[in-house]
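Residues per chain are reported as follows:
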Amino acid sequence: MIKVENLCVNYGGIEAVKDISFEVPEGEIVTLIGANGAGKSTTLRTITGLVKARSGSIKYMGEEILGKDTVSIVSKGITLVPEGRRIFPDLTVLENLKVGAYLRKDSLEEDIEWVYSLFPRLQERHWQLGGTLSGGEQQMLAVGRALMSRPKIMMMDEPSLGLAPLVVKDIFDIIKEINKRGVTILLIEQNANMALHTADQGYVMETGRITLSGTGKELLENSAVKEAYLGK
Amino acid sequence: MSKESKSPYLPATTQKHKGLSRTLSIVVLAAFAVFLYMANSGKILGSYELRIIRLCGVYAIAALSMNLVNGFTGQFSLGQAGFMAIGAYVTSLFIIPTAQKTAMYYVEPIAPWVESLQAPFIVALIIGGLVAALAAFLIGFPVLRLRGDYLAIATLGFSEIIRIFITNMIPITNGSLGLKNIPDTANVWWTTIAVAIVVIFMLRLMKTSYGRSFKAIRDDDVAAEAMGISLFRHKMLSFVIGGFLAGISGGLLASVVGAITPIYFRFTLAYEILLIVVLGGQGSITGSVVGACILTVAREWLRFMDNGFSIGPLTVPPIAGMRMLVFSILLMIIILFYRRGLFGSNEFSWAGLLRVIKSIPQGIKRLFTRKAKAEGGGS
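Residues numbered from 1 in each chain as written. Chains lettered and ligands numbered in written order. Predicted model: local features only at pLDDT ≥ 70, side-chain atom pairs only at ≥ 80, totals over all residues. Heavy atoms only, no water.

### Here's the deal with the overall build of chain B
Definition in use: Only DSSP runs of H or I reaching four residues or more are called helices, and only runs of E reaching two or more are called strands; each is numbered from the N terminus. Two things to know: the radius of gyration comes from C-alpha atoms, and the globule rule equals 2.2 Å times the number of residues to the power 0.38. Classification of residues uses two cut-offs on accessible area relative to the type maximum, computed with a 1.4 Å probe and protein chains only: under 20% is buried, over 50% is exposed, and between them is partly exposed. Every accessible area reported is derived by Shrake-Rupley at a probe size of 1.4 Å, with residue values counting cover from the shown protein chains alone. Only four residue types enter the charge count: Lys and Arg as positive, Asp and Glu as negative, with His and the chain ends excluded. Every charge is mapped to an atom, namely NZ of Lys, CZ of Arg, CG of Asp or CD of Glu.
When its secondary structure is counted, chain B shows 18 helices and 2 strands. In terms of overall size, chain B behaves like a compact globule, its C-alpha atoms giving a radius of gyration of 23 Å where 379 residues would be expected to give roughly 21 Å. Seen through its C-alpha atoms, chain B measures out along the principal axes to roughly 75 × 65 × 45 Å. Residues classed as buried in chain B amount to 46% of the 379 residues present. For chain B, the exposed surface amounts to about 19,300 Å²; the carbon and sulfur share of it is 70%. For chain B, the distance from the average site of its 33 positive side-chain charges to the average site of its 16 negative ones is 11 Å.

Here it is in structure tokens:
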């Protein structure tokens, strides 16, 4: 569905992403794991057009999207759940969801119902300001907001960041649930254990390069991954 | 909408009092209309008081215009004085009678096409607003690429440029002599109804997808862009609507004060409007209206200070400008202790008013107990 080839991204003189290639097949959960500064977020931000690439190619269903602006990329059905959630703190929960559906002109009722059924907590709090929610609820809102655009592929940047382990488990269960509904998922995580258990495919990124790839299971059993990310 | 209001998850108080607060609002607004009617016929208030009420309306619209850009879209713009100047001059040139225009321009003769401009007040007002909106559109292209303080400086600069243009386009604007004999058309009805229309427009706008996008850009522009919201288009839309409203308020201002000069539209005017917005609460529509009324009335009421006054044994001699000093101190207190303004980003509601009134006795109690505790701790 998304095919990244020989992608290079620079911030000034610093090479954040060095010639990476990977693929996200339709209907699967793919994860990019790696430590801080490995270039994971930069990769996602480049796919959404928020960061300009130096060279390479990003194809979405066979169409080149590198160099297009964010609005046209998002309108093709690619959505980003940004790092640190970035919900709109002074908008109500319901308004947050409606902003997520900004590019749609049809009725939202059905999708709001769906998001509420995934996250009943959001329905209880639909009149509250987003900033008054707890961290876990804000993450739910960020996921719900992304779903409102009816994405074909949802890219998530560290959904487990700063959340309690129990909440993280819930979030990953819901990611699987969303995937079952036909949404392809590209997941970026530092929580390698959780991510690899959930993902069909995994890639390991280190200092701007992809050093390992395989199915989630394979990577979980890989000794290098075990040593670096999972603890022996 | 009706589906939302029936939701079982809303706090009980908001639902219970909905009908009651609506009735209360209608009663108060009707009473205000009767009051305006009596006042306008000269039965209760003199022309001085009426003028203050009209100025309240003018400043309320100017504040709403700035609140749209600053409070709702989060773009720190200080260009409102320039757009008001454009609105004021364009409207005035359309409504001053031709004979008086000819007599006024004695430094340089008036441009013939300006002399022939004539339109009814409402048309002149809207043309004034549209010209200001056009100016906002043109200025928006370069400045809306900036953010924060830089945007404020750039818009302030453009506003001064507009003022200098007006000062130097003597055949059109009569230069620094300004325009006089502007017909006194904008009575209390004009200003009040204009405020009402703008308030309803803003309340509606904030419920549309445009309004939500403005607020989303204010809260987090990167996240908003990731949702597919075009930042530039929305900032521009907000800036142009803001320009239009500022133009309208400028046109009304010209008619209320009767004579305008470029000096009137210096950057200090933008600061005054900014103060209203901050006092009322950034992102609060009703806050801007209440803030405009408080500030306009307070500025007039504090006039007694210029004549000298005494507090107990202390006698202050008459000093011109004393009221502005006190005024500034009051404002500093507000900015220091009530940074979110009177309303924060909420709107006025009767339930809110009731809560505030109910909390006053407790607040006083707490003030005293804290003092007692502090004293107890000291001994």
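From this point, the discussion proceeds with the structure in view.
### Considering the interface of chain A and chain B
Put simply, the rule reads: In what follows, a contact means two residues having at least one pair of non-hydrogen atoms within 4.5 Å. Accessible area that two parts lose when put together, evaluated with a 1.4 Å probe and summed over both, is termed the buried area. Whenever Lys or Arg places a side-chain nitrogen within 4 Å of a carboxyl oxygen from Asp or Glu, that contact is recorded as a salt bridge. The definition of a polar contact used here is a pair of N or O atoms within 3.5 Å, where within protein one atom must be able to donate a hydrogen and the other to accept one, and adjacent residues in sequence count solely through side-chain atom pairs.
Facing the 25 residues of chain A at the interface are 26 residues of chain B. In total, chain A and chain B occlude about 2,400 Å² of area from one another, counting both sides; carbon and sulfur atoms represent 63% of this. Taken together, chain A and chain B are joined by 2 salt bridges. Counting every contact that joins chain A to chain B gives 5 residue pairs in polar contact (both at pLDDT 80 or more). Looking at the side of chain A that touches chain B, the elements that each hand over two or more residues are α2 (70–74), α3 (93–100), α4 (109–118) and α5 (120–124) of chain A. The biggest single contributor to the side of chain A that touches chain B is α3 of chain A, with 5 residues.

### What about helix α11 (residues 188–205) of chain B?
Residues and elements named next belong to chain B. Rules: Here the expected span of a helix is defined as 1.5 Å times the quantity of residues minus one. As used here, the arc is the angular range of directions from the helix axis to the C-beta atoms.
Between the first and last C-alpha of α11 there are 25 Å, a value that for 18 residues agrees with the 26 Å anticipated at 1.5 Å per step. Those residues of α11 not exposed but buried are Val188, Thr191, Ala194, Val195, Val198, Val199, Met202 and Leu205. In a view along the axis of α11, the buried residues occupy a sector of 140°, so they form one face of it. Facing away from the buried surface of α11 by more than 90 degrees, the exposed residues are Ile197, Ile200 and Arg204. On its buried side, α11 packs onto α3 (18–40), α4 (47–72), α12 (209–219), α14 (231–257) and α16 (285–301).

### Comments concerning the sheet that holds strand β7 (residues 153–157) of chain A
All names here are of chain A. Note the cut-off: Two strands are said to pair when DSSP picks up at least two bridges between them. Helix axes use the C-alpha atoms of the stretch in contact, all axes being lines fitted to C-alpha atoms, and the angles between their N-to-C directions lie in the range 0 to 180 degrees.
Spatially, β6-β7-β8-β3-β9-β10 is the arrangement adopted by the 6 strands of the open sheet, whose pairing is mixed. Each of the sheet's edge strands pairs with one partner strand only, and the pair in question is β6 (78–81) and β10 (209–215). Each neighbouring strand pair of the sheet contributes to a mean axis angle of 15°, computed without reference to strand direction. The sheet contact formed by strand β3 (residues 29–33) and strand β8 (residues 184–189) spans 5 bridges and is parallel. Note that in β8 the partner of Val30 across the bridge is Leu186. Here helix α6 (residues 135–147) sits on the sheet in contact with β6 and β7, set at roughly 170° to β6.

### Here's the deal with the pattern of salt bridges
Residue and element names in this part refer to chain A. If you walk through the whole model with that rule in mind, you get 17 salt bridges over all chains. The partner of Arg150 in a salt bridge is Asp111, and the shortest N-O contact between them spans 3.0 Å. With Arg150 in the loop between α6 and β7 and Asp111 in helix α4, the pair connects residues that are 39 residues apart, well separated along the chain. Look at the salt bridges and you will find they share partners, linking Arg104, Asp106, Asp111 and Arg150 into a network.

### A few points about the nonpolar core
Put simply, the test is: Side-chain atoms within 4.5 Å are what join buried Ala, Val, Leu, Ile, Met, Phe, Trp, Tyr and Cys residues into a set we call a nonpolar core.
The biggest cluster of nonpolar side chains holds 91 residues, and the ones touching the most others in it are Phe83, Leu179, Leu252, Ile260 and Phe265 of chain B. Residues Leu118, Leu133, Ala146 and Ala195 of chain A belong to the second largest nonpolar core, which totals 44 residues.

### So, the sheet that holds strand β2 (residues 14–24) of chain A
Residues and elements named next belong to chain A. Pairing within the open sheet is antiparallel, and its 4 strands lie in the order β2-β1-β4-β5. Unpaired on one side and paired on the other, β2 and β5 (63–64) mark the two borders of the sheet. Relative to β5, strand β4 (residues 55–60) runs antiparallel, the two sharing 2 bridges. Within β5, the residue paired with Tyr60 across the bridge is Glu63. Running at roughly 110° to strand β1 (residues 2–11), helix α1 (residues 40–47) makes contact with β1, β2 and β4 of the sheet.

### Thoughts on the environment of Arg86 of chain A
Note on placement: Arg86 of chain A falls in the loop between β6 and α3. Considered as a pair, Arg86 of chain A and Gln139 of chain A are 53 residues apart in the sequence and their alpha carbons are 8.8 Å apart. When near neighbours in sequence (up to four residues on either side) are disregarded, Arg86 of chain A contacts Arg145 of chain A together with Asp220, Val222 and Ala223 of chain B. Here Asp220 of chain B takes part through its side chain, which lies 2.8 Å from a polar atom of the side chain of Arg86 of chain A.

### Points about the side chain of Gln139 of chain A
Inspection of the secondary structure puts Gln139 of chain A in helix α6. The residues contacting Gln139 of chain A, other than those within four sequence positions of it, are Val81, Arg85, Glu158, Pro159, Leu163 and Ile171 of chain A.

### Considering the packing of α3 of chain B against α11 of chain B
All names here are of chain B. Rule in force here: To sort the angles, those under 35 degrees are grouped as roughly parallel, those over 145 as roughly antiparallel, those from 65 to 115 as roughly perpendicular, and the leftovers as oblique.
With their axes 10 Å apart at the nearest point, α3 and α11 run at an angle of 155° to one another. As the angle between them shows, α3 and α11 are arranged roughly antiparallel. For the pair formed by α3 and α11, the contact residues are Phe32, Ala33, Leu36, Tyr37 and Asn40 on the first element and Val188, Trp189 and Thr192 on the second.

### Topic: the confidence of the model for chain B
All names here are of chain B. Selection criterion: Note on scores: pLDDT gives the predictor's confidence for each residue, bounded by 0 and 100.
Residue-level pLDDT values for chain B average 87, and 93% of them are 70 or greater. Of the regions scoring below 50 in pLDDT, residues 1–6 engages in 9 contacts with residues more than four places distant in sequence or in other chains. The complex model carries a pTM of 0.86, and its ipTM stands at 0.85.

### Some points on the pairing of β2 of chain A
Residue and element names in this part refer to chain A. Inspection of the sheet shows β1 paired to β2 by 7 bridges, in the antiparallel sense. Bridge pairing in β2 places Val4 opposite Phe22. The turn joining β1 and β2, which pair antiparallel and follow one another in sequence, is formed by 2 residues; a positive phi near 60° is taken by Gly12.

### Some thoughts on α3 of chain A
When you tally the buried positions in α3 of chain A, you get 7 out of 8 residues, the bulk of the element. Buried within α3 of chain A are the following residues: Val93, Leu94, Glu95, Asn96, Leu97, Val99 and Gly100 of chain A.

### Remarks on a nonpolar patch on the surface
Residue and element names in this part refer to chain B. To be explicit about the condition: Patch definition: residues with relative accessible area over 30% and no salt bridge; like charges joined within 9 Å; nonpolar side chains (Val, Leu, Ile, Met, Phe, Trp, Tyr) joined within 5 Å.
Together, Leu325, Ile329, Leu330, Met332, Ile333, Leu336, Phe337 and Tyr338 make up a nonpolar patch on the protein surface, roughly 880 Å² of accessible area in all. Here Ile333 is to be found in helix α17 (residues 322–337). Overall, Ile333 belongs to the partly exposed group, its relative accessible area being 40%.

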